[in-house]
Every structure is written in structure tokens, then in C-alpha cells.
Amino acid sequence: MGVYETLREKEPGLKFWERLKAYFYRRRLTEALGQLKTTRAVTNLEDAKSVGIIYDCKDTKNDVIISKFAEQLRGGKRQNS
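Here we summarise the structure given alongside this text. (Residues numbered from 1 in each chain as written. Predicted model: local features only at pLDDT ≥ 70, side-chain atom pairs only at ≥ 80, totals over all residues. Heavy atoms only, no water.)

### As for the overall build of the protein chain
Within the protein chain, the secondary structure is distributed over 3 helices and 2 strands. Listing each helix as α and each strand as β along the protein chain from the N terminus yields α-α-β-α-β. A total of 81 residues make up the protein chain; the buried ones form 11% of that total. Residue pairs at least 24 apart in sequence account for 39% of intrachain contacts in the protein chain once pairs closer than 6 positions are excluded. Only carbon and sulfur atoms are counted for the fraction: they give 56% of the accessible area of the protein chain, which is about 7,600 Å². (Helix = DSSP H or I, 4+ residues; strand = E, 2+ residues; numbered from the N terminus. Buried < 20%, exposed > 50% of the residue type's maximum accessible area, 1.4 Å probe, protein only. Contact = heavy atoms within 4.5 Å. Areas by Shrake-Rupley, 256 points an atom, 1.4 Å probe, with all protein chains shown as cover.)

### Re a nonpolar patch on the surface
On the surface, a nonpolar cluster with roughly 440 Å² of combined accessible area is contributed by Y25, L29, L33 and L36. Mapped onto the fold, L36 is located in the loop between α2 (16-34) and β1 (50-51). (Patch = residues over 30% accessible without salt bridge, like charges linked within 9 Å, V, L, I, M, F, W, Y side chains within 5 Å. Salt bridge = Lys/Arg side-chain N within 4 Å of Asp/Glu carboxyl O.)

### Notes on the packing of aromatic side chains
In the structure shown here, the tally under the stated rule is 2 aromatic pairs. Seen from their ring centres, F16 and W17 are 5.0 Å apart, and the 70° between their planes marks the pair as edge-to-face. Overall, the relative accessible area of 42% leaves F16 in the partly exposed class. Under the relative-accessibility criterion, W17 is labelled exposed at 64%. Taking the centre distance of 5.0 Å and the plane angle of 70° together, the rings of Y23 and F24 count as edge-to-face. By relative accessible area, which is 23% here, Y23 ends up partly exposed. (Phe/Tyr/Trp six-rings, centres within 6.5 Å; stacked < 30°, edge-to-face > 60°.)

### What about the environment of I54?
Assignment of secondary structure puts I54 in the loop between β1 and α3 (60-74). Its relative accessible area of 85% is what places I54 among the exposed residues. Placed 12 residues apart in sequence, I54 and I66 show a C-alpha to C-alpha distance of 9.3 Å.

### Describing α3
Across its 15 residues, α3 extends 21 Å between first and last C-alpha, which sits within 8% of the 21 Å expected from 1.5 Å per residue. All buried positions along α3 are accounted for by I66, A70 and L73. Looking straight down α3, one finds that the buried residues subtend no more than 55° of arc, so they occupy a single side. Opposite the buried face of α3, at more than 90 degrees from it, the exposed residues are T60, K61, I65, K68 and Q72. (Expected span 1.5 Å × (residues − 1). Arc of directions from axis to C-beta.)

Structure below.
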């Protein structure tokens, strides 16, 4: 399947030039993301000075679980945000 057919299936309302422009934009974006270097480091919670908690709050069960976890963390000397 060619580029034209792929773009037409994903975005049927676009005109030809808009589809072509979108193709090159996505191609350039993919190339740029491929060259992106990320550094990751593992940090122990015991050594952390502050901890941020990100979670899905749509389910109320998560609120209870996260609240208990935050209380456990507050027992130490770190800040919760």
C-alpha cells in the first residue's frame, strides 16, 4: 500500500496537497524523534528528597490506594507533591 492510499484512509477529508504536506511532516517528525537521546536513571525511594505521584484519578479506587501510599511516604523525611 502506498503513501497516498495510507493517508487517504487515515484522513479522507484532506485534499491532495494537504495530505502530501502531512506525509512529509510526519516523516520529518519520525526522523527527529528517532535521533532524540533520553537519559534515564534509577533512583531509590529511600534516597529521594521529594516524590511526585502521577496517577489516573478517574477510578475512586486509585484515590484510596494512592492516599495510603502517600501516607507511607510521609512517614519519612521526603516531600510529596
